[in-house]
Amino acid sequence: QVQLVESGGGLAQPGESLRLSCVASGLTFSRYTMGWYRQAPGKECELVALITSAGGSRKYGDSVKGRCTISRDNAKGTVYLEMNSLNPEDTAVYFCAASSRWSRLDRDYDYWGQGTQVTVSS
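These figures come from a predicted structure and were not determined experimentally.

Chemist: Help me out: how do you make sense of the environment of Ser99 in this one?
Modeler: You can see Ser99 is positioned in strand S9 (residues 92–99). Classification of Ser99 as buried rests on a relative accessible area of 0%. With 64 residues separating them in the primary sequence, Ser99 and Gly35 have C-alpha atoms 7.9 Å apart. Leaving out residues up to four positions away in the same chain, Ser99 has contacts with Tyr32, Thr33, Asp108, Tyr109 and Asp110. Only 2.8 Å separates the side chain of Ser99 from the backbone oxygen of Asp108, close enough to count as a polar contact.

In structure tokens, the structure reads:
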């Protein structure tokens, strides 16, 4: 059974940083593209970042470009999202997801975590 478990969310003040983690099990992690998506209340699911299976290539959503870094440790089966200069618009539930394809489209992701809430507020 595949499981993706996110952690690291919480309450942050504007300008602060957070590091999210997602631990995968039940799949050959090193074969999957990993993505971070987010969804705010009343809004569509939005790409935050994705990283190729070997970690050699990354892409970022326009709203977080320059403020986020995605990385992975295939030995640990874990993908990370470092977010800096947080602002209230970053408030959302953040999900990690695994895909056997290199894709920006959420519909191409086979497995999803349960999400972790990030709230940015003063």
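Now that the structure is up, let's keep going.
Chemist: Which parts of the structure should I look at to understand the packing of aromatic side chains?
Modeler: By convention here, two paired aromatic rings are described through the distance between centres and the angle between planes. Evaluated as defined, the whole model comprises five aromatic pairs. Relative to Tyr109, the ring of Tyr37 has its centre 5.3 Å away and its plane inclined at 75°; by these criteria the two rings are edge-to-face. Here Tyr109 lies in the loop between S9 and strand S10 (111–112) and Tyr37 lies in strand S4 (residues 33–39), a separation of 72 residues in the sequence. Three or more aromatic residues joined by ring pairs form one cluster here, namely Tyr37, Phe95, Tyr109 and Trp112. The ring of Tyr80 has Arg19 lying over it, and the distance from NZ or CZ to the ring centre is 4.1 Å.

Cut-offs and rules
Residue numbers run consecutively from 1 along every chain, following the written order of its sequence. pLDDT decides what is reported in this predicted model: residues at 70 or higher carry local features, side-chain atom pairs at 80 or more are listed and counted, and totals for whole chains, interfaces and linings draw on all residues regardless. Each side-chain value is derived from all of the structure's non-hydrogen atoms; neither hydrogens nor water enter the calculation. Helical segments are the DSSP runs of H or I of at least four residues, strand segments are the runs of E of at least two, and each set is numbered from the N terminus. Each residue is assigned to one of three classes by its accessible area relative to the maximum for its type, calculated with a 1.4 Å probe on protein chains only: buried under 20%, partly exposed between the two thresholds, exposed over 50%. The contact criterion used is simple: two residues touch if any of their non-hydrogen atoms lie within 4.5 Å. Throughout this description, a polar contact denotes any pair of N or O atoms lying within 3.5 Å of each other; where both atoms belong to protein, one of them has to be capable of donating a hydrogen while the other can accept it, and for residues adjacent in sequence the pair is counted only when both atoms sit in side chains. The pairing test for Phe, Tyr and Trp rings, Trp by its six-membered ring, is centres within 6.5 Å, and the orientation test on the planes gives stacked under 30 degrees, edge-to-face over 60, and tilted for anything in between. Lysine and arginine charges are scored as sitting over a ring when NZ or CZ, respectively, is within 6 Å of the ring centre and within 35 degrees of the ring normal.

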